[in-house]
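Structural features, examined
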Amino acid sequence: MSGPFGWVGRILRIDLTSERIWSEDTGRYSRDYIGGVGIAARILWNEVPPGVRPFDPENKLIFMTGPLTGTAAPSSSRVIIGSKSPSLHPIEHSTRSSVGGDWGPELKYAGYDGLVIEGRAERPVYVSILDGEAEIRSASGLWGLGAFAAQREIARQLGRDVETLCIGPAGENLSRIATIQTQTGRASGHSGFGGVMGSKNLKAIAVWGTGGVGVADPEGFLEACEYARSIMVPHPMGGGAGGLGWTRALPDGRLLRFFSKHRRRYFSCHSCPAACDGFCSVPGVGSGSEKCDGWFYRDYAYDYYGDGSEEGDGAFFYATLAANDLGVDCFELVSMIPWLARMRDRGLIDDGGIGLPLGRIGSREFAEALLRAIALKEGPGRILSEGSARAAEALGVGARELYEALWFAYGQNQHDDVRSYPIVALLWAFDSRDPMIDTHAIRHLVVTRLLWPEPFGLKERERDAICERIFGSADVADHSTYRGKARAAVICQHYSRAFSTLVLCDWTVPIFSSPSARDHMGDPTVMNRLLSAATGLEYGLGDLLLIGERIYNLERAQLVREGRRRGSDALYEYWFSNPDPSGKVIPREEFERAKDEFYAIRGWDPETGIPRPEKLRELGLGDVADEMEKYLRDPGRAPA
Amino acid sequence: MSEVLISVDPGLCIGCRICELVCSLAHTGAFNPKRGLLAIHKDVFSGHVSITICRHCRPPPCYEACGVEGAMAMGPNGAVAINPSKCTGCGACADACPYGAILRDGAGGAFAKCDLCSGEALCAKWCPQGAIRAMGI
């Protein structure tokens, strides 16, 4: 094969307003940004200026794969989505999200590395991309359908085994917490991009293709795949064989009991041996995926109906399927439901006032009432579909106070404890969204490692050796101090951007630690080994991390242009004054000192948090530096 | 070289398509699951999975059905291979196959089938689940 290698070479562009369809060369971006999150950030910077709001036709939805997508690289299925986010609060910043399954690889087999959608269709449409041919089709018979039925109907209409990304009613109705779904339980969840699709009158994007993805050095590439797979991080809910499946050790009796009764098989994303998706069938409820999606309702359901009860199984699984079918972000609900319960207990809301059976949280009826209200924007859904941050503002002071105890920042709910882990607090402080969702590697290493059962648990001595190797110091694992955490956060951010350009799954990629590896020591060079063999271009780990730094700075420039400053690199006040179970709060002075250190390492102005022009130039972002200088002289002017 | 048999257990298959990926790389030079010489059909809504793959029957009905001189040859490992330059695309072999495992190659009129990768059976080697197994006999 004579190439192209890794990339397939074109990015498809569709303007739904004018119905214009064209394509551009991936090479325009790939040298500096590789793919995935990098190219998405560059297109956002180039084409989505501040002032564009998430639901404006001028907002763009950018779907980007990377050079490993569609190959046999382990866990290489994910597609990155970039756009302005309706779920972020108070500023609707540009951000990222991702989704696995089989859609990203299929887009490449159909001939494209990425897809950028802009404009707004006059009437509901869906897009089909079949072997390079893109078409805008009427979605009149699809609008209003759940995500499951819509995918099946599109496959029927097109007469092929297409892979489809689509929205449910929540996205159609412009909920800010709507997802983009594929299959029965894979979603771009936490950035609210389902509503952006809805605002464009775009129900779905179906792809199918018979093209191939070539690699420059097939033999070397398969060797790199074999190596990466031998040390990959398994998933605790996964069914992968060969030592990768360890569900039996999962410390959650309720989930295990459910799986033992109802799981029919495992499914994996494309080219992933981890198989984290349990396909379940529950009589009277339905069939589909269960993994971590259902967390938001599991304990409520079993507390309400009793452990191991059929009704509990039914309510739990119903909630999972309904959220995925209606296209509502499950992770938002992890905090929204306890928040509603606490407001009920404080007397801030009652059944009559809010129109939900608050006395029956845990019942199937409550799940149905809540999810339908959000997805259809009816009754209480008019407030709750805006997301909890905006709902809290609407409901008043007491609601806001309780809200802050369950959310960390930016309208994103808690994920790990910012008081217990300084590295987590800093990663949160500088991001636009929940950062823990694409930094699972650091969670494996220093946060959740003790939850992993033997023989997978990481010993302290092993952990320290890994920290020394990656961060140059074992300080990152010392949660009693902010010392060394700013540098560690910077390094984590570069790693996260590096594997998200390729694109590899952040859970399984063994860059730091891995239960499968000798001494649990992962190997970050799996990234550049795979990339070099795929593309035929020589990448070292340093090259990839430098690209990670370039992307991080470009993302920051975009946030700054949208209003982000040092003052908003912050977490809600609650976490500075209310202790965790061990008595820790975020120590304000240490936290601010770590921020000083972070800006200094980054080459950003410590007063404002704005990247210095010389830093941007050093990273090859000279044009961004020029644009930033003009913007800072006159923030109101329209960008070039 | 010993003869090789292929056995499958669709119940173990996770639908990752790694078998199709390595197969297509070996036979077409690129990762292209739809041109693999085996096919995974997965229905994520019903949970149904099937694996279409040559079992290397003894004796092979495909080989016996082929009437075109030189279009099919039996290798030392018992695998019947199709010579694409001789295959006329008549489909007699595909009709004779009890597993539906002889596939029309997307690239042209010829048919294509599993040739066991010279005995290496990459699909079985790479399957993370043991859903496809190659056994020497």
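Residues numbered from 1 in each chain as written. Chains lettered and ligands numbered in written order. Predicted model: local features only at pLDDT ≥ 70, side-chain atom pairs only at ≥ 80, totals over all residues.

**A closer look at the pairing of strand β6 (residues 114-118) of chain A**
Residue and element names in this part refer to chain A. Counting buried positions along β6 gives five out of five residues, so the element sits mostly inside the fold. With burial as the criterion, each face of β6 is covered, one bearing Gly-114, Val-116 and Glu-118 and the other bearing Leu-115 and Ile-117. Sheet topology note: the strand β1 (residues 10-15)/β6 ladder contains five bridges and is parallel. Residue pairing across strands places Ile-14 opposite Ile-117, the latter belonging to β6. Judged from the four bridges that link them, strand β3 (residues 61-64) and β6 form a sheet pairing that is antiparallel. (Buried ≥ 20, exposed ≤ 12 C-beta atoms within 10 Å, placed from the backbone. Helix = DSSP H or I, 4+ residues; strand = E, 2+ residues; numbered from the N terminus. Pairing = 2+ DSSP bridges.)

**Notes on helix α9 (residues 295-305) of chain A**
Those residues of α9(A) lying buried are A:Phe296, A:Tyr297, A:Arg298, A:Tyr300, A:Ala301 and A:Tyr302. Among the residues trailing α9(A), A:Gly306 stands out with phi positive, at a value near 105 degrees.

**Notes on the interface of chain B and chain A**
A common measure of how large an interface is: the accessible area buried when the components associate. Chain B puts 25 residues into the contact, and the matching count from chain A is 32 residues. In terms of residue class, the side of chain B that touches chain A is built from 11 nonpolar, 11 polar and three charged. (Contact = placed C-beta atoms within 7 Å. Nonpolar A, V, L, I, M, F, W, Y, C, P; charged D, E, K, R; others polar.)

**What about the sheet that holds strand β4 (residues 79-84) of chain A?**
All names here are of chain A. One open sheet holds the six strands; their spatial order is β2-β1-β6-β3-β4-β5, and the pairing between them is mixed. Every interior strand has two partners, whereas the edge strands, β2 (20-25) and β5 (94-99), have only one. Each strand of the sheet is rotated relative to its neighbour by a mean of 20 degrees, with strand direction disregarded. Where β3 meets β4, three bridges bridge the pair, whose relative direction is antiparallel. Its bridge partner lying in β4, Phe-63 is registered against Ile-81. Against the sheet, helix α2 (residues 36-47) touches β3, β4, β5 and β6, its axis set at about 20 degrees to β4. (Axes fitted to C-alpha atoms, helices over the stretch in contact; angles between N-to-C directions.)

**Some remarks on the confidence of the model for chain B**
Confidence along chain B averages 91 in pLDDT terms, with 96% of residues attaining 70 or more. For this predicted complex, the interface confidence reaches an ipTM of 0.96, while the overall pTM sits at 0.97. (pLDDT = per-residue confidence, 0-100.)

**Side note on the domain arrangement of chain A**
All names here are of chain A. Considered domain by domain, chain A is made up of domain 1 (10-208), domain 2 (292-409) and domain 3 (416-633). The C-alpha centroid of domain 3 is placed 27 Å from the C-alpha centroid of domain 1. The interface is formed by 32 residues belonging to domain 1 together with 31 residues belonging to domain 3. Looking at the side of domain 1 that touches domain 3, the elements that each hand over two or more residues are α1 (27-33), α2 and β5. With seven residues, the top contributor of residues to the side of domain 1 that touches domain 3 is α2. Of the residues that constitute the side of domain 1 that touches domain 3, the class distribution is 14 nonpolar, 15 polar and three charged. (Domains from an automatic or database assignment.)

**Considerations on unusual backbone geometry**
Between A:His89 and the following residue, A:Pro90, the backbone shows a cis peptide bond with an omega angle of 0 degrees. Relative to the elements of secondary structure, A:Pro90 occurs in the loop between β4 and β5. Residue A:Val503 is bonded to the preceding A:Leu502 through a cis peptide linkage, with omega at 0 degrees. With respect to the helices and strands, A:Val503 occurs in the loop between α20 (485-499) and α21 (525-535). Backbone geometry at A:Lys377 places phi at a positive 55 degrees, although glycine is not the residue there. Residue position: A:Lys377 is located in the loop between α13 (364-376) and α14 (381-384). Look at A:Lys377 and you get partly exposed, because 19 C-beta atoms sit within 10 Å. Not every positive phi belongs to a glycine, and B:Leu116 is a case in point at roughly 65 degrees. Along the polypeptide, B:Leu116 turns up in the loop between β7 (111-112) and α4 (122-126).

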